[in-house]
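Structural features, examined
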Amino acid sequence: MGSLLEIIALHPADAEAAQEGGADRLELCASMEADGLCPSVSTVSAIRRVTDLPLRVMLRVENSFTTNGADLNRLTAMAQSYLSAGADGFVLGFLTPDNQVDVDSVAALVSTFAGTPWTFHRAIDAVLEQQPAWRALRGLPGLDCVLTAGSSIGVSHGLDDLCKLAKEDPAVASVMMAGGGLQPEHVPWLFQSGVRRFHVGTSVRQDGSWTKAYVNSRFVRSWRNLLDAQDARDAQDARE
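Residues numbered from 1 in each chain as written. Predicted model: local features only at pLDDT ≥ 70, side-chain atom pairs only at ≥ 80, totals over all residues. Heavy atoms only, no water.

The following threshold applies: UniProt positions are given in the numbering used here, feature names are shortened, and annotations may be inferred rather than shown by experiment.
The chain goes by Copper homeostasis protein cutC homolog in an unreviewed UniProt entry, where it is assigned to Kribbella solani. Note on the chain: under the UniProt heading Sequence similarities (unreviewed entry), the record states "Belongs to the CutC family."

The following block contains the structure:
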């Protein structure tokens, strides 16, 4: 399987540049000062009109990883609206007050859009124990991706843990998507560990700004070229 490059898109202009640069998929969200919340349905519709890339939409209404019944009801309705607007999947994740995966809340929400793929987001980086969290995620239907930096403060601090997790368990590596301050120098180490999914946000924007710059297609292309070069080395190694 070739590598996957996912880009955060906040606006239609982001989506157009990401596709031009060679992205494989978009994550749609808003309010990056809160680490990503639900975008408007109109934004999803507008982005759908300018790109044919798969769209995964954030399902998160509060700057928190915990949730409640009222929020779940809101998110259930929003998910259906997003699907009608052209979403192909979702990004979500809830924790209990003691920072364990909130399996019941996640399962309740994903059951309302059964058959639609989804990503568990970086809430995984806030759990107290990684191994039980990953075991809990394996039983959730529709999950095909887990976005993680290996640390709540980014890949630069969590790289060793990411590589260790991926090397020890190919099933983890198969769904792991590295992201959260991801830098090009991290990629070879992650590839060697079996990771093939990569998620970038500020690194494809001028000066790393969410508010002052759209996605830059040239920056996306540099990531695409980097991943393609790693894929080519993999293929060469397999032939040898």
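1. A closer look at the pairing of strand S2 (residues 25-28)
Condition: Only protein chains enter the calculation, and the probe is 1.4 Å; a residue is then buried if its accessible area is under 20% of its type maximum, exposed if over 50%, and partly exposed in between. Runs of H or I in DSSP of at least four residues are treated as helices and runs of E of at least two as strands, each being numbered from the N terminus. By this definition, two strands are paired if DSSP reports at least two bridges between them. The definition of a right-handed crossover adopted here requires that, viewed with the strands pointing away, the path from the first strand over the helix to the second runs clockwise.
Alternating positions in S2 separate into two faces, Arg 25 and Glu 27 on one and Leu 26 and Leu 28 on the other, with burial throughout. Taken together, the four bridges between strand S1 (residues 4-9) and S2 define a ladder with parallel strand orientation. What sits directly across from Glu 6, in S2, is Arg 25. On the question of chirality, the crossover connecting S1 to the parallel S2 by way of helix H1 (residues 12-21) is right-handed. Here S2 pairs with strand S3 (residues 55-58) via three bridges, running parallel.

2. Digging into unusual backbone geometry
Leaving glycine aside, a negative phi is the common case for residues, and trans is the common case for peptide bonds. With phi around 65 degrees, Asp 35 is a residue other than glycine that occupies positive phi space. With a relative accessible area of 59%, Asp 35 lands in the exposed category. With a phi angle near 60 degrees, Asp 207 is a residue other than glycine that sits in the positive phi range. In this structure, Asp 207 sits in the loop between strand S8 (197-200) and helix H9 (217-239).

3. Observations regarding the packing of helix H2 (residues 41-50) against helix H3 (residues 69-85)
Worth spelling out the cut-off: Angles run from 0 to 180 degrees between N-to-C directions of axes, and those axes are lines fitted to C-alpha atoms, restricted for helices to the stretch in contact. Geometric relationships in this document are graded by angle, where less than 35 degrees denotes roughly parallel, more than 145 denotes roughly antiparallel, 65 to 115 denotes roughly perpendicular, and other angles denote oblique. Handedness of a crossing follows from how the near helix is turned relative to the far one, being left-handed for an anticlockwise turn of less than a right angle and right-handed for a clockwise one. Contacts were defined at the residue level, with two residues in contact if any of their heavy atoms lie within 4.5 Å. Each residue is assigned to one class: nonpolar for Ala, Val, Leu, Ile, Met, Phe, Trp, Tyr, Cys and Pro, charged for Asp, Glu, Lys and Arg, and polar for all the others, Gly among them.
Viewed as axis vectors pointing N to C, H2 and H3 meet at an angle of 25 degrees, and their least axial separation amounts to 9 Å. Classified by the angle between their axes, H2 and H3 sit roughly parallel to one another. Crossing hand, H2 versus H3: right-handed. Together, Val 41, Val 44, Ser 45 and Arg 48 of H2 and Ser 81, Tyr 82 and Ala 85 of H3 make up the contact between the two elements. Of the residues assigned to the contact of H2 with H3, the class counts are four nonpolar, two polar and one charged.

4. Remarks on the environment of Thr 96
Quick reminder of the rule: We define a polar contact as two N or O atoms separated by no more than 3.5 Å, with the added condition that, inside protein, one atom must be a possible hydrogen donor and the other a possible acceptor, whereas residues neighbouring each other in sequence contribute only through side-chain atom pairs.
Tracing the backbone shows Thr 96 in the loop between strand S4 (89-92) and helix H4 (103-110). Polar side-chain contacts of Thr 96 include one of 2.3 Å to the side chain of Asp 98.

5. With respect to the packing of aromatic side chains
Rule in force here: Any pair of Phe, Tyr and Trp rings, taking the six-membered ring for Trp, is counted once the centres come within 6.5 Å. Such a pair is stacked with planes under 30 degrees apart, edge-to-face with planes over 60 apart, and tilted for the rest.
Under the criterion given, the structure shown has two aromatic pairs. Ring geometry for Phe 90 and Phe 113: centres 4.6 Å apart, planes at 50 degrees, overall tilted. You can see Phe 90 sitting in strand S4 and its partner Phe 113 sitting in the loop between H4 and strand S5 (118-120), a full 23 residues away along the chain. Phe 113 matches Phe 90 in its accessibility class, with the two residues each being buried. Consider the rings of Phe 191 and Phe 198, whose centres lie 5.5 Å apart with planes at 5 degrees: the pair is stacked. Like Phe 198, Phe 191 is buried.

6. Some details on the sheet that holds S2
Strand order in the closed barrel made by the eight strands is S1-S2-S3-S4-S5-S6-S7-S8, with parallel pairing throughout. Put simply, the sheet's adjacent strands are angled 25 degrees from each other on average, direction ignored. Where H2 meets the sheet, its contacts fall on S1, S2 and S3, and the angle it forms with S3 comes to roughly 165 degrees. Contacting S5, strand S6 (143-148) and strand S7 (176-179), helix H5 (residues 130-138) runs over the sheet at an angle of about 155 degrees to S6.

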